[in-house]
Amino acid sequence: MARHPRVQLLNISIAAVLLSSSLLRGAEDNNTVADVFRVLTKRCGHCHSAQVRRGDLDLTSAAGLLRGGESGPAVSATDPQSGPLWQRISAGDMPPEDEPPLTADERQQLLLWLQQGAPGLPFQKAAAVPLDQHSIQPILLLRCKTCHGPQRQAGNVDLRSVDTLLRGGPHGPLVIPGNPAASPILQRIITEACPPSEELLEYFVRRPDETEVERLRAWITAGCRQTVVPPAPPANAADPLVTAADLEHWAFQPPQGDPNRGSIDEFIGRQLRAAGLDWSPEASREVLIRRASLDLIGLPPALDVQQRWMASTDPDWFEKFVDELLASPHYGERWAVHWLDLAGYADSEGGVSNDPIREDAWKYRDYVIRSFNSDKPYDQFLLEQLAGDELLDSAQTSPITPQLVDNLTATGFLRMGVDETGSRTMNFVPERLGVINDALTVVGSGLMGLTIECARCHSHKYDPVPQRDYYRLKAIFQGAFDEHDWLTFRNRTLRLETPERQSRIAATNPPLERQLKVLRTKQQQSEELLLLTLLQHHYPQQSKAENQATLQALRVADNIRSLGQRELVERLQRVQVLPDSVQPPAVLEARHSLQQLEREIHRVRQRMEPADTIRALWDRGDPSPTYLLRRGEYNQAANPVEPGVPAALNSERIPFNPQPPFPGGTPKTGRRLAFARWLTDPRHPTTARVFVNRLWQHHFGTGLVSTPDNFGRQGTPPTHPQLLDWLALRLIRDGWSIRSMHRLIVTSRTWRQSSTVTPLHQERDPQNRLLSRMPLRRVDAETLRDSLLAVAGRLSTEAGGLPDPVLVDTSGAAAVLPREDGNWRRSIYVQHRRTEMPTLLSAFDYPVMGPNCQVRSVSSTALQPLLLANSAELRELAASFAARVQRTIQEMGGNPVETASRIAFGRRPTAEEQQVGEAALEQLSAAWSGDRQRALEVYCHILFSSAAFLYVD
């Protein structure tokens, strides 16, 4: 915790205090256990008592001090002063910032008591408590379950639990209670027969450390004691770790208000008038058409759309235009981008040394697009993504239905984080816990507006989220995310498709698969030829054996290469990045041949029916027990925890009752399904609020809560709390319809304002938090690229399917491979490989998913105008734009400046723009020796970099 502002005053030198004999004598006279506990009870008891246990800590009794909290005993038996109690007090972390600090006398009294060995605390009695099964179970899970668990039972021995340990194996008991020397399991561990040395890396286990061995020995010596675990408190019981006062924060209470009364403009107008402001005038029709089109479908309005709606005399023209946009298939493509940001979508696994492709991730992307286009209710949308495998029994359902396939595809939401656990060196329990933490982070901050991941190592610093609640939430996902029974990304796919799709796959794919196999063999040979050609030309003195050794070193993960292998690879990499101008013709020819093969491979894959595999998450029905991990360390298991929801978000005591969803069918815990139903209960305080706030953020640039991932105490309070609640309740009242919420927002007077800033705005609403005008916003990366393609007439509207590959040239520039007709699809269909994002998207702030993106940054860098001005891709698009301008003039009349403006900006040019544009065309034509077409191409290229193109008015 941050230090109290007055901690400097409190941190009086202990040495100086000790020099004061009067203070020493006074402290010694009164330094009784009773005095100490009076201080602790008075100053600490309101947060740390038997009734209120922040950090699971009771400081009002000797038993509480010895039991301690999340970090273990508050007072150490060997050195009481070094324990967490005095460390937190001396650092100024206790009492917290909003409480008066301890007085110098109180601090001195506690310090002297601790220096004297904390007399009165029954250390011996506490140390004598014997170990039980919960001291041993984590060792079995961490060191033994991989080889003796559900996936593999070496020697027919099952060590999933203490019960199976005590039952023994086919050769008799594994432990002899009271006799560790005769217990086979302990002897095999000591002699390093288990885990076998040759299987440590293969099965990603490490040997028990000395502490674990001694703990196992002590448990066996004491007779293999087991205790009865007390039942978890019922959901409607008071939680001593979270108080009623904790729950008074606005976001922890359900939304208030009447969704049948009021409007967006009523709530906004009230605060505008209170500040002496009014709405800005409504934007012009041209501006509204472009703004709505870019906002709702992410594309500029086509010329015929502009003409039709500009000419409309219908008083409800704008509402009808909005309905047309919301019914467009492009709507789903646009708004899926925002959800994929939240999910952390990527077509590759990420990682330090490698970035393997996720072959089936795109199916989740298409599921999201379909869901938006069908206006799937938001509560159903969440149910499918959090627990699609528990909605229908895929193993018992016949025939397979599209809904069942969608349900399993939806669970890809929880499979989007960076995942290196398919690697030979990054698949140990700590890495697996990192993958799980990323998923919980997305769920916590993305869906609940709560930074739950802060409680992985200790209770949340600001919000009432005990560390226990993090692990209770983790236990909900344990049936599918079990770090002790792990599925790597190489084996976490399901084969599942409808009979119709299976028939098409069988009829279409076999000959194409054979063709693909031949092409991939040629590709591998071509890659090797290119590398050998590079080595032979640039290092003629290097032997053939060294060249082959270089190729072999490339097949080894970079973090486990030998020194010699690293040197060989680095030599190759130095010449790989040399420009084409210094490469011999043989290298250029080999590169061209390889690029042609890559294109041909992609064309063949496009003609194939997609495989019947789904990248999914599914419950396997028999999860490992979940233990709280002290300080978040994987080998520091403390108490077992049961599945449960964060108490901070359950003030309404919404039921959470996990039940197996398919009695008599496929075994599943039902935990995630119960969680999803709890999350989508209309009484939930944050689910609807968080979502409508995100919609508002994407329509206005900033949410009503500007910290969309954090509705807690450190988050920004809502600027319009009543409006936020009203929108949340309207979402629920309207059947969780996302499309209805869009229509409500964009047809409001607030959204239809102009973006003009007046001196009065600058004075009374400088940050536009009151929404006295529409904010001027730069288009995001995808909208920019898609707009460039649309304006140039080079946008392919083909939807769905395999992502379009990205090719990286020797300079490091990444470009998207065009379709066979030479056009490009929308950016959502580009392959989103973490290490190979298209340069244009990266330059304009496409986010790095870590694990997801809550709010995109908007930067202004020198690279952006340089890229727009010098990119060969942009020059090609400018030429296509100019050709389109000419065709439009031939068909509809007009002049180049006016036509280009209408296509690019959705409006006619101003008189000044017309004059400047005509003069520029004359100058450019003269520069190109009278070539007016080349002049128009340059002029169109200039428009691509203009503020009118890059910004939404």
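All values reported here derive from a predicted model rather than from experimental measurement.

Draft legend 1. Layout of helix 22 (residues 467-476). The element helix 22 is largely enclosed, with a buried count of 10 among its 10 residues. Among the residues of helix 22, those classed as buried are Gln467, Arg468, Asp469, Tyr470, Tyr471, Arg472, Leu473, Lys474, Ala475 and Ile476. Each element contacted by the buried residues of helix 22 is listed here: helix 21 (429-448), strand 3 (626-629), strand 4 (637-641) and helix 27 (671-679).

Draft legend 2. Representation of empty space enclosed by the protein in the model. The final tally for this structure, using the stated rule, is 14 cavities of 30 Å³ or more. Here the largest cavity is characterised by a volume of approximately 190 Å³. For the largest cavity, the lining is made up of 19 residues, of which Pro138, His484, Leu629, Tyr634 and Ala637 are closest to its centre. Per-element accounting of the lining of the largest cavity gives the leading share, 4 residues, to helix 9 (residues 133-144). Here the lining of the largest cavity is built from residues that sort into 11 nonpolar, 4 polar and 4 charged. Estimated volume of the second largest cavity: approximately 100 Å³. Here the element with the most residues in the lining of the second largest cavity is helix 21; it accounts for 4 residues.

Draft legend 3. Molecular detail of the environment of Gln403. Assignment of secondary structure puts Gln403 in helix 20 (residues 402-410). A sequence separation of 305 residues divides Gln403 from Pro708, and the C-alpha atoms of the two residues are 31 Å apart. Beyond its immediate stretch of four places on either side in the chain, Gln403 contacts Glu384 and Leu392. Side-chain polar atoms of Gln403 contact the side chain of Asn407, separated by 2.7 Å.

Draft legend 4. The arrangement of unusual backbone geometry in detail. Here the amide bond leading from Cys194 into Pro195 is cis, since omega sits at -10 degrees, within 30 degrees of zero. One can find Pro195 in the loop between helix 11 (184-190) and helix 12 (210-221). A positive phi is found at Glu192, a non-glycine position, where the angle reads about 65 degrees. Within the element layout of this structure, Glu192 appears in the loop between helix 11 and helix 12. Non-glycine residue Asp845 carries a positive phi angle of around 75 degrees. Here Asp845 is to be found in the loop between helix 33 (839-843) and helix 34 (863-870).

Draft legend 5. Region of interest: the packing of aromatic side chains. Within the structure shown, the criterion is met by 27 aromatic pairs. Ring geometry for Phe204 and Phe428: centres 5.6 Å apart, planes at 85 degrees, overall edge-to-face. Placement of Phe204 in the loop between helix 11 and helix 12 and of Phe428 in the loop between helix 20 and helix 21 is noted, with a sequence separation of 224 residues between them. For the pair Phe204 and Phe428, one class covers both residues: buried. Arranged with centres 6.2 Å apart and planes meeting at 25 degrees, the rings of Phe481 and Trp486 form a pair that is stacked. Taking the relative accessible area as the measure of exposure, Phe481 reaches 2% and is therefore buried. Accessibility expressed as a relative area gives 8% for Trp486, which makes it buried. Feature note: the residues Tyr331, Trp339, Tyr364, Tyr367, Phe372, Tyr378, Phe381, Phe413, Phe691 and Trp736 constitute an aromatic cluster, connected by ring pairs. In this structure, Arg206 packs its charged tip against the face of Phe428, placed 3.9 Å from the ring centre. Above the plane of the ring of Trp751 lies Arg291, whose end atom (NZ or CZ) is 5.4 Å from the centre.

Draft legend 6. Spatial organisation of the pattern of salt bridges. Scanning all chains against the criterion turns up 56 salt bridges. The salt bridge partner of Glu282 is Arg752, with a shortest N-O separation of 3.3 Å. Separated by 470 residues along the polypeptide, Glu282 in the loop between helix 13 (264-274) and helix 14 (285-296) and Arg752 in the loop between helix 30 (738-746) and helix 31 (759-764) bring together distant segments of the chain. For Glu282, a relative accessible area of 48% translates into the label partly exposed. Glu483 serves as the salt-bridge partner of Lys474, at 3.0 Å between the closest nitrogen and oxygen. Three or more residues joined by partner-sharing salt bridges are found here, namely Glu497, Arg501, Arg504 and Glu609.

Draft legend 7. Fine view of the nonpolar core. If you look at the biggest cluster of nonpolar residues, it comprises 167 residues, and the most contacted ones within it are Trp339, Tyr364, Phe413, Leu447, Phe675, Trp696 and Phe881. A per-element tally of this core places helix 21 first, with 10 residues. Those residues in contact with Trp339 that lie beyond four places of it in its chain are Tyr364, Val368, Phe372, Tyr378, Phe381, Leu382, Gln385, Phe413, Leu447 and Phe691. Cys44, Leu65, Leu66 and Trp86 belong to the second-largest nonpolar core, a separate cluster that totals 22 residues.

Draft legend 8. Spotlight on the side chain of Arg603. Structurally, the position occupied by Arg603 is in helix 26 (residues 585-607). Here Arg603 sits buried without a salt bridge, and the closest side chain of opposite charge, Glu820, lies 4.6 Å off (N-O distance). When sequence neighbours within four positions are dropped, the list of residues in contact with Arg603 reads Leu817, Pro818, Arg819 and Glu820.

The rules behind these values
Residues numbered from 1 in each chain as written. Predicted model: local features only at pLDDT ≥ 70, side-chain atom pairs only at ≥ 80, totals over all residues. Heavy atoms only, no water. Buried < 20%, exposed > 50% of the residue type's maximum accessible area, 1.4 Å probe, protein only. Helix = DSSP H or I, 4+ residues; strand = E, 2+ residues; numbered from the N terminus. Contact = heavy atoms within 4.5 Å. 1 Å grid on protein atoms, 1.4 Å probe; cavity = no way out; pocket = protein on both sides within 12 Å on 5 of 7 lines; lining within 4 Å. Points joined across faces, edges and corners; volume = space filled by probe spheres on them. Nonpolar A, V, L, I, M, F, W, Y, C, P; charged D, E, K, R; others polar. Polar contact = N/O pair within 3.5 Å; in protein donor to acceptor, adjacent residues only side chain to side chain. Phe/Tyr/Trp six-rings, centres within 6.5 Å; stacked < 30°, edge-to-face > 60°. Lys NZ or Arg CZ within 6 Å of the ring centre and 35° of its normal. Salt bridge = Lys/Arg side-chain N within 4 Å of Asp/Glu carboxyl O. Core = buried A, V, L, I, M, F, W, Y, C linked by side-chain atoms within 4.5 Å. Lys, Arg positive; Asp, Glu negative; His and termini not counted.

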